[in-house]
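Listed below are the residues making up each chain.
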Amino acid sequence: MKIFVPLDSAAKALGADDIAAAIQREAESRDLDITVVRNGTRGMIWLEPLVEIETDEGRVGYGPVSVDDVPALLDGKLQSLGLVDDFPWMKGQTRLTFQRCGVIDPLDLTDYEAHGGLAGLRRAAAMTPQEVVEEVTTSGLRGRGGAGFPTGIKWNTVLGAEADQKYIVCNADEGDSGTFADRMIMEGDPFTVIEGMAIAGLAVKATKGYVYLRSEYPDAIDIMEKAVVLARKAGVLGDDVLGSGLAFDMEIRVGAGAYVCGEETSLLNSLEGKRGVVRSKPPLPALEGFLGKPTVVNNVISLATVPVILEKGAQYYADFGLGRSRGTIPMQIAGNVKYGGLYETAFGMPLGEVVNTVAGGTLTGRPVKAVQVGGPLGAYMSAEKFDTQFCYEEFDGQGGLIGHAGIAVFDDSADMLSMARFAMEFCAIESCGKCTPCRIGSVRGVETLDRIGQGDASAVELLEDLCETMKDGSLCALGGFTPYPVLSALHHFPDDFAPAKEAAE
Amino acid sequence: MADTATTEIMAAILAEHGDLEGPMLPILHAVQAEFGYIPNDVIQIIADHQNITRAEVHGVITFYHDFRDAPAGKHVVKICRAEACQAVGANALSERAFEKLGVNWHGTTRNGNVTLEPVYCLGLCACGPAAMVDGKVVGRVDTAKLDQLLAEAGA
């Protein structure tokens, strides 16, 4: 009998390792023939640890399972949740990027291939670089890290650049609060990331890749490092990728706790061993990136989506989505929600449906007050904006951004003045220091918000002005976008700033 | 001046990582894994090996939150301060930790057992408030769980 117990960090944080050990112990004492497979998570974090037992009908789920439930689980007496594939949460999704996550053993390359893995890389190896780039361009894939730049166009620039060495850099510095898609796929299906990078390498004629992985993710680092060794052993990486005669190899590099290194140019500086200070553009990293060589810098999810595009075809992928947002988006539902986790679906779902239906509203049962989409630099959306469709342009039109598609929900106990203050404080802590509006402005922003909190209404105008300066005068999104959460809190939730104003009048 | 033991350890670390493309972060991580912090007397050794100035090495070390210039307590407890965890009570949890440990962020308890650090997202945003004790993740940390974690760490 096969029993699946996730090894994902979120499952571990809720006790999955203890469950796996208890199942092993119990099976040995009963002399049962049981194989415990450590899979990734299916993304239903509210059910973790979600244990699955393989049956003739399919995989039956149990969760959340505690150590005390293990004897009953093996007796077949524990109440099941039914077939996992039939859960409404799973059935409602279109899983393309995450098709294997939670299904397979993350470090079993045979299992990976049996579920469609390496088909994309094989197809790419038989195509010309130009054809691969065209395929990715046709799919409409845009940078999933937040900027939304068309991936195929970036690749085309690197392909066209002449150099003795080119690089693929995978940005796995997923620092945005409310986001965990990168971590989840690196832990649950690391070969997808490796395959995506190898395809990128063949497409732009780069032979070397780096994954810049944040130090806050020790479990993901461990799994990715093991996966790279296995991929190299199996000939997926190396001098002769899958017998194509083409070379591509890669290394995992660990960050050191600086949020700003998620910005591509500071990431490159950090990877080179320097302070993670932002570089001004031009030159584009596509032309002068890592060590001054042409470099593709793509987010984990962008790269992990490339294999399915090559496997199923660009048009298949592009047929999902809305407007200029093509394909699927893995939304990460977080914060104060009943059903938190990862939900991959075609672009276009209204925000309200995500929050009220998919997430089931708040965990506390209190009304939703604000939803921050896109991490610490994303706007706070009020319920009035719940009809906004989940797409790049639609969110932009509402003064927000989808960023890395993290959705942090707050109930009515949230104080938006203190959330705005936190945004400025965070910017002050994490600023690389290059641009004055970010370095100094964020410190002044904290002080100005404290004045507003103490009832100084005149400080509101100053805050607006400061935010404009930060927006216009910062090189990267840290200083440039911190005004989003601050101003959206101020404009959409004036009551939280008003008592102070009234007190002053 | 580094003592003989330090010099030997550094020679091994530099031999292992020194020839990588962009070796500085791998070197510093290895140094911190070995000593628990970045000792002042290894800076010159790294600078000489990489043919850069002492100031440049210092600049890199001080830029990143991860690198310490002094040893931490026996256990490092990190509590997430980011928005998704705040939405489910991370601030109250931090306050509780300050009170229990008698220190603020980056502080170490008087008995040297626990260092408290803030962390901005552990990717456990759907099961917050989240914490990490010596690299081990913990989700849905309530007051009772925090007290237990701190007690286990010898606070």
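Residues numbered from 1 in each chain as written. Chains lettered and ligands numbered in written order. Predicted model: local features only at pLDDT ≥ 70, side-chain atom pairs only at ≥ 80, totals over all residues.

What follows covers the overall build of chain B. Assigned secondary structure in chain B consists of 7 helices and 4 strands. Helices (α) and strands (β) of chain B occur, in sequence order from the N terminus, as α-α-α-α-β-α-α-β-β-β-α. Seen along its three principal axes, the alpha-carbon backbone of chain B occupies a region of about 50 × 30 × 25 Å. Counting every position in chain B, which comprises 155 residues, the buried fraction comes to 42%. Across chain B, every contact between residues at least 6 apart in sequence was considered, and the portion connecting residues at least 24 apart equals 59%. (Helix = DSSP H or I, 4+ residues; strand = E, 2+ residues; numbered from the N terminus. Buried ≥ 20, exposed ≤ 12 C-beta atoms within 10 Å, placed from the backbone. Contact = placed C-beta atoms within 7 Å.)

Looking now at the overall build of chain A. Of the regular secondary structure elements, chain A holds 23 helices and 16 strands. In summary, chain A has a C-alpha radius of gyration of 23 Å against a globular reference of 23 Å for 505 residues, a match within 12%. For chain A, the C-alpha atoms occupy an extent of roughly 75 × 60 × 40 Å along the three principal directions. Buried residues in chain A amount to 57% of all 505 residues. (Rg over C-alpha atoms; globule rule 2.2 N^0.38 Å.)

With that settled, the discussion passes to helix α2 (residues 16-30) of chain A. It helps to recall that an α-helix has 3.6 residues per turn; residues three or four apart then point in one direction. Residues and elements named next belong to chain A. Helix length check: α2 (15 residues) gives 21 Å between terminal C-alpha atoms against 21 Å at 1.5 Å per residue, within 8%. Considered for burial, the residues of α2 that qualify are Ala16, Ile19, Ala20, Ala22 and Ile23. All buried residues of α2 project into a common sector of 165 degrees when viewed along the axis, lining one side. In α2, the exposed positions angled more than 90 degrees off the buried face are occupied by Arg25, Glu28 and Ser29. Structurally, α2 contributes buried residues whose contacts are with β1 (2-4), α1 (9-13), β2 (35-37), β3 (51-54) and α3 (70-75). Asp31, located one to two residues past α2, shows a positive phi value of around 60 degrees. (Expected span 1.5 Å × (residues − 1). Arc of directions from axis to C-beta.)

Once that is clear, we can look at the packing of helix α17 (residues 416-430) of chain A against helix α22 (residues 483-492) of chain A. Residue and element names in this part refer to chain A. One can describe the packing of α17 onto α22 by two numbers: an axis separation of 8 Å at closest approach and a directional angle of 165 degrees. The angle between α17 and α22 falls in the class roughly antiparallel. Handedness of the α17/α22 crossing: left-handed. The residues of α22 that touch α17, namely those facing Met416, Met419, Ala420, Ala423 and Met424, are Pro485, Val486, Ala489 and Leu490. When its residues are assigned to classes, the contact of α17 with α22 shows 9 nonpolar, no polar and no charged. (Axes fitted to C-alpha atoms, helices over the stretch in contact; angles between N-to-C directions. Parallel < 35°, antiparallel > 145°, perpendicular 65-115°, else oblique. Left-handed = near helix turned anticlockwise from the far one by under 90°. Nonpolar A, V, L, I, M, F, W, Y, C, P; charged D, E, K, R; others polar.)

Now for the domain arrangement of chain A. Taken as a whole, chain A is organised into domain 1 (2-91), domain 2 (109-318), domain 3 (321-411) and domain 4 (416-504). For domain 1 of chain A versus domain 3 of chain A, the separation of C-alpha centres amounts to 29 Å. (Domains from an automatic or database assignment.)

Moving on to the sheet that holds β3 of chain A. The strands that make up a sheet pair up through hydrogen bonds in the backbone, lying either parallel or antiparallel. All names here are of chain A. Overall, mixed pairing links the 5 strands, which are arranged β2-β1-β3-β4-β5 in an open sheet. Edge positions in the open sheet fall to β2 and β5 (82-83), since each of these has one partner strand only. Where β1 and β2 come together, 3 bridges link them in parallel fashion. When the bridges of β2 are listed, Phe4 appears paired with Val37. (Pairing = 2+ DSSP bridges.)

Residue and element names in this part refer to chain A. One can find Phe4 in strand β1. In this structure, the C-alpha to C-alpha distance between Phe4 and Arg59, residues 55 residues apart in sequence, is 9.0 Å. Non-local contacts of Phe4, meaning those with residues more than four positions away in its chain, are made with Val37, Asn39, Val51, Glu52 and Arg59.

The subject of this paragraph is the sheet that holds strand β12 (residues 328-335) of chain A. Residue and element names in this part refer to chain A. Here we have 5 strands laid out as an open sheet, ordered β13-β12-β16-β14-β15, and mixed in their pairing. Each of the sheet's edge strands pairs with one partner strand only, and the pair in question is β13 (341-346) and β15 (380-381). By the bridge criterion, 6 bridges tie β12 to β13 in an arrangement that is antiparallel. The partner of Met331 across the bridge, within β13, is Tyr343.

Attention now goes to the nonpolar core. Counting residues in hydrophobic clusters, the biggest one holds 216 residues, and the most contacted among them are Cys170 and Ile194 of chain A together with Ala130 of chain B. Per-element accounting of this core gives the leading share, 10 residues, to helix α10 (residues 190-204) of chain A. Beyond its immediate stretch of four places on either side in the chain, Cys170 of chain A contacts Val193, Met197, Gly209, Tyr210, Val211, Tyr212, Asn298, Val300 and Leu303 of chain A. (Core = buried A, V, L, I, M, F, W, Y, C linked by C-beta atoms within 7 Å.)

So, about the interface of chain A and chain B. Every contact between the two is made by 49 residues of chain A and, on the other side, 33 residues of chain B. Looking at the side of chain A that touches chain B, the elements that each hand over two or more residues are α1, β8 (249-254), α12 (264-271), β12 and β16 (406-411) of chain A. Classifying every residue of the side of chain A that touches chain B by side-chain character gives 22 nonpolar, 17 polar and 10 charged.

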